[in-house]
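Survey of secondary and tertiary structure
Here is how the chains run, residue by residue.
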Amino acid sequence: MKKILTLLFLVFFHFFTQAQNHTYDYGKVKLGFNVGGTFQSTDISTKLFGLGFGSTLEWAIHENSYSIFGFSIRGRYLHANVYGNEYNLHTQPISNFSINGIDNSNLDYSNSPLYINNKTILDELSLEAMLKFNKLYYQKGILFYLFLGAGATGYETLTNQLDESGLMYDYSAINASTKKEVINQLKDLRDNSYETGFTGPNLKSWVFTPTVGLGLGYRVAPILTIVFEHKISLPQTDYFDGQLYHPEKDPAFIKDIYHYTSLGFRFNIVRKHHVETEPETLPTAPTTYVPTTTPTNNPPTTTPPVAPTPTGTPTPTPTPTPTSPITEPPVTVPTTPITFTEPKPTPPIVSIITPTITTFTNNCSVKIEIKIEHINNEKNIQFYQNNELVPSYLYYFQSGVLHSTINLNDGLNIFKVIARNENGKDEKELKLTCQTDKTITICHNNNDGTKSSIQIKESEWLQHQNHGDVKGFCPSNRKYIDICHIDSKTGVKTKISIPEKDWSQHQAHGDNLGDCALDISTKQIQICHTDPVSGQKSNLLINEGDWFAHATHGDTRGLCPREIKYIDICHIDAKTGVKTKISIPENEWIQHQAHGDNLGDCALDISTKQIQICHTDPASGQKSNLLINEGDWFAHAAHGDAKGLCPREIKYIDICHIDAKTGVKTKISIPENEWIQHQAHGDNLGDCALDISTKQIQICHTDPASGQKSNLLINEGDWFAHAAHGDAKGLCPREIKYIDICHIDNKTKSKSKISIPESEWGKHKLHGDNMGDCFEDEKITICHKGQEGILKTIEIPSSQWPNHAAHGDKIGSCDENLISICHINQNSGELEQIEIPQDQWTQHQNHGDIIGSCSNIDQTIITICHQKQNSDETITKQIPKYLWNYHLSHGDKMGSCEENETNESEKITICHYPPGNSGNPQTLIIPQSAWTAHQAHGDSMGKCQEIEEQKITICHIPPGNNKNPQTIEIPQSAWPAHQAHGDSIGECDSNKGGKNNIKPKNGKIN
């Protein structure tokens, strides 16, 4: 086995070494096989790669070893698969019958989220012309060629839109913000079955296909060349990927393209082996050198005569040998020393020749010439435009000058040239400015009433817009005819309008001019059917005879409008950072999520209460939803802002509407969200195109019966009849409907009856206005919280209640015994706005609470020396000033502990009665400065007596639970503290609860 492998290697090595010798005469025929990958450039993003393979048969028309170029013709066959996988959510009406419910009602994505995909199986037959570099191939074995051709492509396009159970995919589950995440989720969702074939009215199985490409190969053996090739095919269809082309979005001539990159094996047919030699040259007779001076020692020697050259085959004449050598006398040559001066190293020199100006307007294709000295090789030059290398094919270096004709970008362009040699470098910078006024295409209204597509400068658009011109090309004024079209698959006959030039093609397929004869059993129409149980809408094809039954149940003709699902999100404004709750179409959620928005309501800032308002910009008048601090509301209200979300503005667009009964076209304005429904019925955006066969004019028609006005397009010859009945040329003025409302003035709160346009009602409703006449407001009783927190029962008009509710007032009478205070939580130190019975105020006042709003409390930070509980250790800490009384009662001191140590006075001993546990007195040593606070709570000077202190019976009112009095015994010394909290001497009356029913037995202390 080893010997066989060695032999094979030697044979291959022999062929490889001989492959580069141009000693072979190649035949005219070359046979090739190739395999590679395919991908598409279409309306659907490609999914790299599909597998392809094919073969070629080449005939060399001009080919030899001395010509620089050669020319061949070859035939090609290619079989391949290409794949597409769209990662953008599809929102336009679906053009393919196979997935919009027309072919199969169970497969209908026309009202559902959809991600398009395709698998296209193709077979291509083409004939191609090849331009080859012959001399390079014959002498170096390198094959380089370009080719151009045309042929036909047969294709079948499939899509994967059903799962293993035959159900539609739920694309609403796709929730991602990047292309990679979307593709990964689609990969997990689909089963790659490609079970559904795309269908459509313009779908063809074979299409004309131009091709173009290039190849690069290397000869590894006399008969074998390995070739790397890339081919581009342009099938003349927009259904190659199954997706309909939209010229209004992309007016490109080339629609769908597929590419094939392959590795091929090209076999040469060798006819014979020969050796190419250079042409022979005839030898010349040698000449004998005869010196002019002979030495005196030797006799003169004569040269024998040369024999004449025969005319036959030339035979070289032998050189005669002299009988004695010829010796020349020595010649003395004077020697002069030669001095060589070493050239001085010269670095490159760069200088700008053209352009001589730096600013260009509109025509920004500029010729640049830069002189570069001491550089011989273009590789030593770097040419930059805006810090990016300029491709080498955009400039060339000749006779010491760099030449380039290049297009400038809008604005400033900075060019830089760097030249280097072994002695250094030089560089120059050139700044050129391009000022362009972009042009746009518009449909212009001419003075004679006709329209024409023209290009104008973008700065002139507003002037044209004011005269009724519209952007884009004018609709083509083609002449249309009505025919009865027969669908090639279903056999259903449909009346359609086609350009007159297409009639021959339809006639060849059996279509007829005019209306279709009714055939109740076969003629079908497209309707939007509403399920009577679920209310779900779906597209159906029904027999025309069944239409009336469907119409009575509320069904409509044409495709169902696509329902847009809205979701509520909390949107963060990119400039202000303000959070606003808005509603958006569900398919826009991924975009908002990427910018940090959240689903649902906006969370309120815990530190400050916020409210939702509709804010009006004072400069532009634009309205926007804002979340503001509640304290800022009055400033906004003074400028006319309103609470709540702004009413959604409805955007209107102009369309050419076709009346379903009369066929009359009328320009009308509709809400933008109703466009899909009108589009499905054949309406068009913009103005109605005039029928070229008869001039039409726009009139405002008044119905003689109802007096209603409507816009109509009529034949110009019918105008006099309409004018006689009072109709007017042009569009009808839009009627503004007014309604009467009862308006409340924001400042005075007075009511007045006014008339407003109906479209403004939403804004007035948000401010509390009512429809109809004004009536005297019903008075209601509320509990109003005053500035100091005092609750007061007042009567207000019912219309003013929303303003009071926003400030925390309540409907109904106040409990006169309640007051509003700012309470200091003894555990957490937090401020709490609470309401308490008035008789508990003394107890709260002792703890530092205040009447009224917490905003009135002094929250200045102060430094204190804090005494830790059950310890002599002290620490310096900072607290809000409102907590000082609480700390003072525990023995803390104002200022840092270090300051207090230097100013510490003599400590004293007291008997401390813990609050809530006065029966357990404790002897404490405290600073003399803390004695006042302890004395206020009932502590006494000196040590606690070890003997049992005399006790007294009191009626104790627990704090916060005054309706549950308790009879307890306390030391007599603890009585002042209980008395300060509202307790009384004697037993409580056990028959009745509440403080008002307490009947102490003793009124005085003995």
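Source: prediction; values computed, not measured. (Residues numbered from 1 in each chain as written. Predicted model: local features only at pLDDT ≥ 70, side-chain atom pairs only at ≥ 80, totals over all residues. Heavy atoms only, no water.)

1. Description of the overall build of the chain
Our working rule: Numbering of helices and strands runs from the N terminus; a helix is a DSSP stretch of H or I covering at least four residues, while a strand is a stretch of E covering at least two. Three labels apply to residues, based on accessible area from a 1.4 Å probe with only protein chains included: buried if under 20% of the type maximum, exposed if over 50%, partly exposed otherwise in between. In this analysis, two residues are considered to be in contact whenever any of their non-hydrogen atoms come within 4.5 Å of each other. Here the accessible surface of atoms and residues is derived via Shrake-Rupley with a 1.4 Å probe, and residues count as covered only by protein chains that are part of the display.
Looking only at helices and strands, one finds 17 helices and 57 strands in the chain. When each of the 1006 residues of the chain is scored for burial, the buried share is 34%. When contacts within the chain are restricted to residue pairs at least 6 apart in sequence, long-range pairs at least 24 apart make up 55% of them. When the accessible surface of the chain is summed, it comes to about 62,900 Å², and 54% of that surface belongs to carbon and sulfur atoms.

2. A closer look at the nonpolar core
Our working rule: Only buried Ala, Val, Leu, Ile, Met, Phe, Trp, Tyr and Cys residues count toward a nonpolar core, and they belong to the same one when joined by side-chain atoms within 4.5 Å.
Judged by nonpolar contacts, the single largest core of 22 residues is most densely connected at Ile368, Ile372 and Phe383. Elements with a minimum of two residues in this core: strand S12 (365-373), strand S13 (381-385), strand S15 (395-398), strand S16 (401-407), strand S17 (411-421) and strand S18 (424-435). Considering every element that reaches this core, the biggest residue donor is S12, with 4 residues. Leave out the neighbours within four places in its chain, and Phe383 touches Ile368, Ile370, Glu388, Leu389, Val390, Tyr395, Leu402, Ser404, Phe415, Lys416 and Val417. In terms of nonpolar packing, the next biggest core, distinct from the first, is built from 15 residues, Ile44, Leu114, Ile116 and Leu186 among them.

3. Quick notes on the environment of Glu778
Counting through the fold element by element, Glu778 comes out in the loop between strand S42 (770-771) and strand S43 (779-785). For the pair Glu778 and Pro797, spaced 19 residues apart in sequence, the C-alpha to C-alpha distance is 5.7 Å.

4. Section: the state of the cysteines
Operational definition: In what follows, a disulfide is any cysteine sulfur pair within 2.5 Å.
A full pass over the atoms with the stated rule returns 11 disulfides. The partner cysteine of Cys364 in its disulfide is Cys434, sulfur to sulfur 1.9 Å. Between Cys364 and Cys434, the S-S torsion sits near 90 degrees, and that sign places the bridge as right-handed. Residue Cys364 is located in the loop between strand S11 (359-361) and S12, and its partner Cys434 is located in strand S18; the two are separated by 70 residues in the primary sequence. Neither Cys364 nor Cys434 differs from the other in exposure class; each is buried.

5. Quick notes on the sheet that holds strand S33 (residues 642-643)
The criterion, for reference: DSSP bridges decide pairing: two strands pair if at least two such bridges lie between them.
Reading across the sheet, the 3 strands line up as S32-S31-S33 and stay open at both edges, with antiparallel pairing between neighbours. Two strands lie at the open edges of the sheet, namely strand S32 (623-629) and S33, each paired on one side alone. Note: strand S31 (residues 610-616) against S33, 2 bridges, orientation antiparallel. Pairing of Ile613 across the sheet is with Lys643, part of S33.

6. Looking at the packing of aromatic side chains
Keep this limit in mind: In summary, the pairing rule links any two rings of Phe, Tyr or Trp, Trp by its six-membered ring, whose centres are within 6.5 Å, and it sorts them by plane angle into stacked for under 30 degrees, edge-to-face for over 60 and tilted for everything else. Criterion for a charge above a ring: Arg CZ or Lys NZ at most 6 Å from the ring centre, at most 35 degrees from the ring normal.
Overall, the coordinates contain 13 aromatic pairs when judged by the stated rule. Seen in terms of ring centroids, Phe39 and Phe49 are 5.6 Å apart; in terms of plane orientation they differ by 75 degrees. Their pairing is edge-to-face. With Phe39 in strand S1 (residues 24-41) and Phe49 in the loop between S1 and strand S2 (50-62), this pair connects stretches of sequence that are 10 residues apart. Ring geometry for Tyr145 against Phe147: centres 6.4 Å apart, planes inclined by 35 degrees, an arrangement best described as tilted. Considered together, Tyr145 and Phe147 belong to a single accessibility category, that of buried residues. Aromatic rings pair up to connect Tyr109, Tyr115, Tyr169 and Tyr171 into one cluster. A cation sits over an aromatic face here: Arg74 above Phe147, 4.7 Å from the ring centre. The ring of Tyr137 has Arg266 lying over it, and the distance from NZ or CZ to the ring centre is 5.7 Å.

7. Quick notes on the environment of Ser110
Here Ser110 shows up in the loop between strand S3 (69-85) and strand S4 (117-133). Of the residues examined, Ser110 reaches a relative accessible area of 11% and is grouped as buried. Taking the C-alpha atoms as reference points, Ser110 and Cys560, 450 residues apart in sequence, are found 8.2 Å from one another.

8. Description of the pattern of salt bridges
Selection criterion: Think of a salt bridge as a Lys or Arg side-chain nitrogen and an Asp or Glu carboxyl oxygen that are within 4 Å of each other.
Across all of its chains, the model carries 19 salt bridges by this definition. Taking the shortest distance from any N to any O, the salt bridge between Glu427 and Lys425 comes out at 3.7 Å. Here Glu427 falls in the partly exposed class, since its relative accessible area comes to 36%. Here the residues in one salt-bridge network are Lys30, Glu58, Glu63, Lys132 and Arg266, joined through shared partners.

9. A short note on the sheet that holds strand S35 (residues 665-671)
Picture the strands of a sheet paired through backbone hydrogen bonds; they go either parallel or antiparallel. Overall, antiparallel pairing links the 3 strands, which are arranged S35-S34-S36 in an open sheet. What marks the edges here is a single partner per strand, and that holds for S35 and strand S36 (684-685). Across 2 bridges, the pairing between strand S34 (residues 652-658) and S36 is antiparallel. Its bridge partner lying in S36, Ile655 is registered against Leu685.

10. With respect to the confidence of the model for the chain
As a reminder of what qualifies: Confidence of the predictor at the level of single residues is captured by pLDDT, which takes values from 0 to 100.
Predicted confidence across the chain gives a mean pLDDT of 78, with 81% of residues reaching 70 or more. Scored below 50 in pLDDT, residues 331-336 makes 0 contacts in the model with residues more than four places away or belonging to other chains.

11. Some thoughts on unusual backbone geometry
With an omega of -15 degrees, the peptide bond running from Leu48 to Phe49 counts as cis. At Asn192, a position not held by glycine, the phi torsion is positive, near 55 degrees. With respect to the secondary-structure elements, Asn192 resides in the loop between helix H3 (179-189) and strand S6 (196-197). With phi around 65 degrees, Asn387 is a residue other than glycine that occupies positive phi space. Among the secondary structure elements, Asn387 is positioned in the loop between S13 and strand S14 (388-389).

12. Quick look at the side chain of Asp727
Quick note on the threshold: Charged-residue counts in this description rest on Lys and Arg as positive and Asp and Glu as negative, His and the chain ends being excluded. Residues adjacent in sequence count toward polar contacts only when both atoms are side-chain atoms; beyond that, a polar contact is any pair of N or O atoms within 3.5 Å, and within protein one must be able to donate a hydrogen and the other to accept it.
Mapped onto the secondary structure, Asp727 falls in the loop between helix H10 (719-724) and strand S39 (728-729). Among buried Asp, Glu, Lys and Arg side chains, Asp727 stands out as unpaired, with Lys709 the closest opposite charge at 6.9 Å. Polar contacts involving the side chain of Asp727 include one to the side chain of His701, which spans 2.7 Å. Engagement of the side chain of Asp727 in a polar contact is seen with the backbone nitrogen of Thr702, the distance being 3.0 Å. Sequence-distant contacts of Asp727, that is, excluding residues within four places in its chain, are made with Ile699, Cys700, His701, Thr702, Trp719 and His722.

13. Comments concerning empty space enclosed by the protein
To keep it simple, the criterion reads: In this analysis, the protein atoms alone were mapped onto a 1 Å grid. Cavities are point sets where a 1.4 Å probe fits without being able to get out; pockets are open sets with protein on both sides within 12 Å along at least five of seven lines; lining residues have an atom within 4 Å of a point. Grid points are joined across faces, edges and corners, and a volume is the space filled by probe spheres set on the points. Polar here means any residue other than Ala, Val, Leu, Ile, Met, Phe, Trp, Tyr, Cys and Pro, which are nonpolar, and Asp, Glu, Lys and Arg, which are charged; Gly is therefore polar.
The tally for this structure, following the rule as stated, stands at 2 cavities of 30 Å³ or more. Volume-wise, the largest cavity comes out at about 170 Å³. If you go around the largest cavity, you meet 16 residues; those closest to its centre are Thr56, Arg74, Tyr145, Val227 and Glu229. Of all the secondary-structure elements, those providing two or more residues to the lining of the largest cavity are S1, S2, strand S5 (142-159), strand S8 (224-233) and strand S9 (257-273). Here the residues of the lining of the largest cavity are counted per class, giving 6 nonpolar, 5 polar and 5 charged. Lining the second largest cavity, in full, are Cys614, Thr616, Lys623, Gly640, Asp641, Ala642, Pro647, Lys763, Leu766 and His767.

14. Here we look at the side chain of Gln161
Counting through the fold element by element, Gln161 comes out in the loop between S5 and H3. The exposure class assigned to Gln161 is buried, which follows from its relative accessible area of 0%. A polar atom in the side chain of Gln161 sits 3.2 Å from the backbone oxygen of Tyr115. If near-sequence neighbours (up to four positions away) are discounted, Gln161 is found in contact with Ile99, Leu107, Tyr109, Leu114, Tyr115, Ile116, Asn117, Leu167, Met168, Tyr169, Tyr171 and Glu195.

15. Some words on a nonpolar patch on the surface
How we decide: Note on patches: the residues involved have over 30% relative accessible area and no salt bridge, like charges join within 9 Å, and the nonpolar side chains Val, Leu, Ile, Met, Phe, Trp and Tyr join within 5 Å.
Taken together, the side chains of Leu31, Phe33, Leu57, Ile226, Phe228, Leu263, Phe265 and Phe267 make up a nonpolar region of the molecular surface, amounting to roughly 700 Å² of accessible area. For the nonpolar patch, the secondary structure elements donating two or more residues are S1, S8 and S9.

16. Topic: the pairing of strand S19 (residues 439-445)
Residues in a regular strand point their side chains to alternate faces of the sheet. With 7 bridges connecting them, S19 and strand S20 (residues 451-457) associate as antiparallel partners. Following the sheet pairing, Ile440 is matched in S20 by Ile456. Connecting the antiparallel pair S19 and S20 is a turn made up of 5 residues, with Gly449 showing a positive phi of about 95 degrees. Here S19 pairs with strand S21 (residues 470-471) via 2 bridges, running antiparallel. Across the sheet, the residue bridging to Cys443 is Val470, located in S21.

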